[in-house]
Amino acid sequence: MVSQTDNAFEILDIGAMLGGAAAAGYTFGIPRTFNFNGVKYNVSTQGIVPTVEDYSGSDGVPGANGTRLGFAGGNVTVNTGLVPRSHPSVPIPQGFSRNYSMSQQGLTANVSCRPINSSQTQYLWDTNNSYVIYSNAAASSSNNSITGLRLWNIGANCGTNTLISYEYVTMVDASGNTSSSGSGFLPSVVCPGPTNMNQTYTSFAILMQGFYKYGFLKASVCEVVPLFTIVRADYSDQEVSAEVISSTPFQPENAALLSFIASVAKFQSVNSQGLTSSTIGDTLYSIYSSTTNESIDNNLNDTQVYFELEDYWRGVVEFSATFLRSGFMATGSFPNNEIPNNLSSQVTGTMFVSTIGWIRWAKKSPTYLLATLPLTIVTILTLFCASYSILEAWKEHHGYGGHHRAHFDVSNTLHLIMACAAGSLALKDFGKGGIMNNESVKVQLEENGDKKMFVIPGQPHSPVSTESASF
């Protein structure tokens with residue numbers, strides 16, 4: 001197995017952990033959204049590079065001495081465009097919402113986990129080699145001081161005369177003992193190839209076992225068989241959901257890619273274990289606890305735990321492929337951002353855009369005229385109403401045909417006085433010039449017994465005017 005190191009492996013470590021954790025609850029219907037490089041994945045990445053034109057991430061360009069494994073996020077080249085039709089110059093509309101489906105190449109894995117029986121001595125799974133390398137009797141665990149450290153040498157047989165061992169360090173007390181309730185240890189060993197040497201180099205194996213609070217996971221082996229896939233990726237508001245359409249197993253010529261995926265699994269296995277806990281163990285524990293009413297230590301359902309473990313490693317494998325593809329397709333990775341043909345594959349899809357407007361149908365079809373019919377009717381009615389209003393105003397202004405329409409305004413005090421005028425309060429009517437003449441008439445409000453009325457100064461008060469003009 002080729003060992004890979006790079007500064008960006010911290011991104012790969014965290015991303016693979018999140019991808020595995022998101023996928024681990026899929027079998028049990030736990031909704032998860034996994035975010036990476038500006039795109040939201042539904043459950044897992046399915047090993048694809050997202051076809052998102054309007055990605056607005058960083059514009060970082062890999063350094064001259066950088067590697068494709070140094071990808072830490074950035075704009076990914078997406079060479080897509082509209083299929084030429086009758087309007088080739090029209091850009092992709094933004095709309096209120098857009099969703100589209102693409103046929104793309106992905107990568108996944110068939111993962112099968114099972115316990116290692118005592119009779120299966122071919123694995124030589126050894127977890128007994130450990131010793132205390134640090135002890136401080138004066139330290140106190142209550143203030144988070146390190147009281148002691150134990151070095152574990154975990155070994156496994158990965159084929160004929162192929163022994164692999166990993167080293168782990170866990171926290172213990174001054175006597176070298178580990179807390180069975182507060183601490184957890186889940187070591188793993190990744191065999192870079194199949195444990196059955198009669199198989200071709202198209203799969204790898206992961207051996208693991210839980211201790212202390214992860215004791216629910218017995219000594220187990222997971223066979224990981226990566227697959228190339230064709231997926232239908234559905235995009236909606238930068239969220240991606242992918243469904244596998246077909247799959248193809250690895251061939252011997254894909255050994256380098258298999259080695260990279262296995263190295264990611266190894267990196268995840270070793271780095272997920274801390275001094276007192278394991279990310280993988282905590283993921284299995286929390287998902288099991290959220291999907292059952294039973295304690296994980298009572299009436300344990302081994303089948304459910306293995307389903308979780310299989311989905312976890314599948315998510316890690318799929319993220320490793322997305323990470324690698326993104327690194328190769330990052331802007332600046334190739335001169336003029338032109339990806340070589342032998343490193344790219346064609347994608348096809350259809351975009352649906354929700355917006356408001358209308359389009360022109362083919363000229364040979366008379367149905368396209370229906371789109372203009374409602375607008376034409378509204379326009380004609382608007383012009384007719386405007387013309388009628390102008391004509392009526394002209395007739396009234398010129399007195400044509402005896403048209404003298406009164407412009408009564410209920411909020412105008414003069415109009416109210418004119419409407420109530422009677423008896424001795426003689427005012428002009430609402431006819432032509434009447435309002436202008438009445439504006440010059442002086443009136444005053446006077447009391448007539450228990451009533452009030454408007455009168456013209458100097459004119460006598462008549463009973464008619466008193467009743468008519470009172471309020």
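As shown above, the structure is provided for reference.
Summarised in this report is the structure supplied together with it. (Residues numbered from 1 in each chain as written. Predicted model: local features only at pLDDT ≥ 70, side-chain atom pairs only at ≥ 80, totals over all residues. Heavy atoms only, no water.)

A few words now on the side chain of Glu310. With respect to the element layout, Glu310 can be found in helix α4 (residues 302-329). Although Glu310 is buried, it makes no salt bridge; Arg314 carries the closest opposite charge, 8.1 Å away. (Helix = DSSP H or I, 4+ residues; strand = E, 2+ residues; numbered from the N terminus. Buried < 20%, exposed > 50% of the residue type's maximum accessible area, 1.4 Å probe, protein only. Lys, Arg positive; Asp, Glu negative; His and termini not counted. Salt bridge = Lys/Arg side-chain N within 4 Å of Asp/Glu carboxyl O.)

This part covers unusual backbone geometry. With a phi close to 60 degrees, Gln46 is a non-glycine residue in the positive phi region. Position of Gln46 relative to the elements: it lies in the loop between β2 (39-42) and β3 (97-115). Take Gln46: its relative accessible area is 12%, and that puts it in the buried class. The backbone of Tyr212 shows a phi angle near 60 degrees, a positive value even though the residue is not glycine. Counting through the fold element by element, Tyr212 comes out in strand β10 (residues 211-212).

Throughout the structure, instances matching the rule amount to 12 aromatic pairs. Between Phe319 and Phe323 the ring centres are 6.1 Å apart and the planes differ by 40 degrees, which places this aromatic pair in the tilted class. Note that Phe319 and Phe323 are positioned in helix α4 at a spacing of four residues, about one turn of the helix. Of the two residues examined, Phe319 and Phe323, each falls in the buried class. An aromatic cluster of three or more residues is present, and its members are Phe34, Phe36, Tyr41, Phe319 and Phe323. (Phe/Tyr/Trp six-rings, centres within 6.5 Å; stacked < 30°, edge-to-face > 60°.)

Once that is clear, we can look at the state of the cysteines. Summed over all chains, the structure comprises one disulfide. Between the sulfur of Cys113 and that of Cys222 lies a disulfide, 2.0 Å long from S to S. Torsion about the S-S bond of the Cys113 and Cys222 cystine: about 110 degrees, corresponding to right-handed handedness. With Cys113 in strand β3 and Cys222 in strand β11 (residues 220-236), this residue pair connects regions lying 109 residues apart in the sequence. You can call Cys113 buried: its relative accessible area is 8%. A relative accessible area of 0% means that Cys222 is categorised as buried. (Disulfide = S-S within 2.5 Å.)

The next subject is the sheet that holds strand β6 (residues 163-172). What holds strands together in a sheet is hydrogen bonding between their backbones, with the strands either parallel or antiparallel. Spatial ordering of the open sheet is given by β4-β5-β6, a layout of three strands whose pairing is antiparallel. Two strands lie at the open edges of the sheet, namely β4 (130-135) and β6, each paired on one side alone. On average, each strand axis in the sheet is tilted by 20 degrees relative to the strand beside it, whichever way the strands run. Here β4 runs beside strand β5 (residues 148-157); their pairing, made up of five bridges, is antiparallel. Looking across to β5, one finds that Ser135 is bridged to Gly148. (Pairing = 2+ DSSP bridges. Axes fitted to C-alpha atoms, helices over the stretch in contact; angles between N-to-C directions.)

In this structure, Phe204, Ile206, Leu217, Leu309 and Trp313 are the most contacted members of the largest nonpolar core, which totals 71 residues. Examining the composition of this core, we find that 11 residues originate from one element, α4, more than from any other. If near-sequence neighbours (up to four positions away) are discounted, Leu217 is found in contact with Leu186, Met208, Gln209, Gly210, Leu284, Val305, Tyr306 and Leu309. (Core = buried A, V, L, I, M, F, W, Y, C linked by side-chain atoms within 4.5 Å. Contact = heavy atoms within 4.5 Å.)

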